[in-house]
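Inside the fold
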Amino acid sequence: MSANPPIFATLGCRLNAYETEAMREMAEAAGLQGAVVVNTCAVTAEAVRKARQEIRRLARENPGVPVIVTGCAAQTEPETFAAMPEVTKVIGNHEKMQPAMWEQLRAPNMAPDLIGETEKIRVDDIMSVKETAGHLIDGFGRHRAYVQVQNGCDHRCTFCIIPFGRGNSRSVPAGVVVEQIKRLRDRGFNEVVLTGVDLTSWGADLPGTPRLGDLVMRILRLIPDLPRLRISSIDSIEADDNLMLAIATEPRLMPHLHLSLQAGDDMILKRMKRRHLRDDAIRFCEEARKLRPGIVFGADIIAGFPTETEEMFQNSLKLVDDCGLTFLHVFPYSARKGTPAARMPRVQGAAIKDRAARLRAKGDQALLLHLEGQLGQTRKILTEGPRLGRTEQFTEVAFDRDMPEGSLMEVTILGHDGQRLTA
């Protein structure tokens, strides 16, 4: 362990959090001392603003310490961060996962006064990257482990900058994934979550073009003592037959799916260049619920996409009921420079804010309905802290006394506070 280990800050998604842990291990192996590393997000303009704010805060709190900026925002707009006086080095999403880069960052020429503006940036063409390494980390936290199985995205939704930050879709081979999960299970993890940028595209670039459902079934078959497997956000239109079979027949696959829906109006979905229509989303949720009664769905929905009328927005609002959604991630539309949607006629800011608020209120109602339905039920909980855990459906549960972290236990649901269950 370094005497003065680097400080890491993560913004954005679970994949970023996973990669931060991999970077931490590489930095420690390289012997990097006394640095600040900020792993940024680019999903919205607000995310980039927050990254700049976090960089300034950390630089103030750690005067004279080199500041390294990486992540999706660093990849898509490196000059923005290189122009900040607080920043010492900007490295890309591919570079940050290379051990050799962390060896270089340990070098004495990292001092801010010894590097020129042009040397600040080490960001190569992410589209040229063909492979994603299966970075082996020991998991973060003591309760749930995350495993990156895929990176990048081949789709070009008109609102999304992420493919330009992550590159094209690439998959970690199934054998590597299985070995890592076995290793995590041997370390005592009771739940593993498969993560990626476009998870349902896993396998398209591998020999034989396997699908995500094949990977899920293989993991559960080859690691029979893994109690819980969870998959993160999926594109429901790309769900394959084996994934649906796993939902129907594998109780160790958790009954919770987060869906990349984005909107509930067909015209807006077409303008977003999504690959599904409203009825496709509804049909998927109905089918999954028939296969696995009790399954719950989260979803990403954008409020105020360009050209969205009030009538179109109402279709998104109604989608919450029509799909039976429980957990909503609401994104007020944010124009990202370089995306086709940024050139479309915009909705007024006040209307975007109002629609986002109404969507969140609808999400609160949906969550409340779910919480009410859990009262009196017996649920198996994975404890995340002394007094906090989650059900199989990923619903938060607060305990009335301390529990051992990382344990699985059955509890009776006694009540809720509108946001989480109590047991």
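- Identification of the protein as 2-methylthioadenine synthetase from Paracoccus aminophilus JCM 7686 is taken from an unreviewed UniProt entry.
- According to its UniProt record, the protein has this under Cofactor (unreviewed entry): "[4Fe-4S] cluster".

**Focus: the domain arrangement of the protein**
- Split into domains, the protein comes out as domain 1 (7-122), domain 2 (145-372) and domain 3 (377-422).
- Placing the centre of domain 1 and that of domain 2 at their C-alpha centroids yields a distance of 28 Å.
- Of the residues lining the interface, 17 residues belong to domain 1; the matching set on domain 2 comes to 18 residues.
- Carbon and sulfur atoms make up 57% of the area that domain 1 and domain 2 hide from each other, which totals about 1,400 Å².
- Contact with domain 2 buries surface across domain 1, with Arg-14, Leu-15 and Tyr-18 losing the most and accounting together for 40% of the total.
- The tally of links from domain 1 across to domain 2 stands at two salt bridges.

**So, the side chain of Asn-62**
- Note that Asn-62 resides in the loop between α2 (45-61) and β3 (67-71).
- By relative accessible area, which is 17% here, Asn-62 ends up buried.
- Here Leu-58 takes part through its backbone oxygen, which lies 2.8 Å from a polar atom of the side chain of Asn-62.
- Residue contacts for Asn-62: discarding those within four places in its chain leaves Ile-7 and Val-36.

**A few points about α2**
- Here α2 is 17 residues long and its end C-alpha atoms lie 25 Å apart, about the 24 Å a rise of 1.5 Å per residue gives.
- Contact partners of the buried residues in α2: β1 (7-10), β2 (36-40), β3, α3 (72-76) and α4 (78-82).

**A closer look at the packing of helix α11 (residues 278-291) against helix α12 (residues 310-323)**
- As a packed pair, α11 and α12 sit with axes 10 Å apart at the nearest point and diverge in direction by 15°. When the axes of α11 and α12 are compared, the pair comes out roughly parallel. Considering the relative orientation of α11 and α12, their crossing is right-handed. Contacts between α11 and α12 pair Arg-278, Ala-281, Ile-282, Cys-285 and Arg-289 from the former with Asn-315, Lys-318, Leu-319, Asp-322 and Cys-323 from the latter.

**Some points on the packing of helix α8 (residues 212-222) against helix α9 (residues 241-249)**
- In the contact formed by α8 and α9, the axes pass within 6 Å of each other and the chain directions differ by 40°. The orientation of α8 with respect to α9, classified from their angle, is oblique. The interaxial crossing formed by α8 with α9 has left-handed handedness. Across from Leu-212, Gly-213, Asp-214, Val-216 and Met-217 in α8, the residues of α9 making contact are Asn-242, Leu-243, Leu-245 and Ala-246.

**Focus: the sheet that holds strand β12 (residues 296-303)**
- The strand order across the open sheet formed by three strands is β11-β12-β13, and the pairing between neighbours is parallel. At either margin of the open sheet sits one strand with a lone partner, and together these are β11 (256-262) and β13 (327-332). Between one strand axis and the next, the sheet turns through 15° on average, direction left out of account.
- Across six bridges, the pairing between β11 and β12 is parallel. Across the sheet, residue His-258 finds its bridge partner in β12, namely Gly-298.
- Sheet strands in contact with helix α13 (residues 349-374) are β12 and β13, and its direction is about 175° off that of β13.

**Remarks on the pairing of β2**
- The element β2 is extensively covered by neighbouring structure, given that five of its five residues are classed as buried.
- Both faces of β2 are covered, namely the face carrying Val-36, Val-38 and Thr-40 and the face carrying Val-37 and Asn-39.
- Taken together, the four bridges between β1 and β2 define a ladder with parallel strand orientation. Among the inter-strand pairings, Ala-9 is bridged to a residue of β2, identified as Val-38.
- The handedness of the β1 to β2 crossover, carried by helix α1 (residues 14-30), is left-handed.
- Viewed along the sheet, the connection from β2 through α2 into β3 turns out right-handed.

**Regarding the pattern of salt bridges**
- Taken as a whole and assessed by the stated rule, the structure comprises 28 salt bridges.
- In this structure, Arg-185 engages Asp-225 in a salt bridge whose closest nitrogen and oxygen atoms are separated by 3.6 Å. With Arg-185 in helix α7 (residues 174-186) and Asp-225 in the loop between α8 and β10 (228-231), this residue pair connects regions lying 40 residues apart in the sequence.
- Accessibility expressed as a relative area gives 19% for Arg-185, which makes it buried.
- For Asp-225, a relative accessible area of 43% puts it in the partly exposed group.
- Its salt-bridge partner being Asp-235, residue Arg-275 comes within 2.2 Å of it at the nearest N-O pair. Of this pair, Arg-275 sits in the loop between α10 (266-272) and α11 while Asp-235 sits in the loop between β10 and α9, placing them 40 residues apart in sequence.

**Concerning the packing of aromatic side chains**
- With the rule as written, the count across this model stands at four aromatic pairs.
- The rings of Phe-159, Phe-305 and Tyr-333 are connected pair by pair, giving a single aromatic cluster.
- Here Arg-156 stacks its cationic end above the ring of Phe-164, 5.6 Å away from the centre of that ring.
- Here the guanidinium or amino end of Arg-390 rests over the ring plane of Phe-394, the centre of that ring lying 4.1 Å away.

Rules used in this analysis
Residues numbered from 1 in each chain as written. Predicted model: local features only at pLDDT ≥ 70, side-chain atom pairs only at ≥ 80, totals over all residues. Heavy atoms only, no water. UniProt positions renumbered as here; feature names shortened; annotations may be inferred. Domains from an automatic or database assignment. Contact = heavy atoms within 4.5 Å. Buried area = accessible area lost by both parts, 1.4 Å probe. Salt bridge = Lys/Arg side-chain N within 4 Å of Asp/Glu carboxyl O. Helix = DSSP H or I, 4+ residues; strand = E, 2+ residues; numbered from the N terminus. Buried < 20%, exposed > 50% of the residue type's maximum accessible area, 1.4 Å probe, protein only. Polar contact = N/O pair within 3.5 Å; in protein donor to acceptor, adjacent residues only side chain to side chain. Expected span 1.5 Å × (residues − 1). Axes fitted to C-alpha atoms, helices over the stretch in contact; angles between N-to-C directions. Parallel < 35°, antiparallel > 145°, perpendicular 65-115°, else oblique. Left-handed = near helix turned anticlockwise from the far one by under 90°. Pairing = 2+ DSSP bridges. Right-handed = clockwise from strand over helix to strand, strands pointing away. Phe/Tyr/Trp six-rings, centres within 6.5 Å; stacked < 30°, edge-to-face > 60°. Lys NZ or Arg CZ within 6 Å of the ring centre and 35° of its normal.

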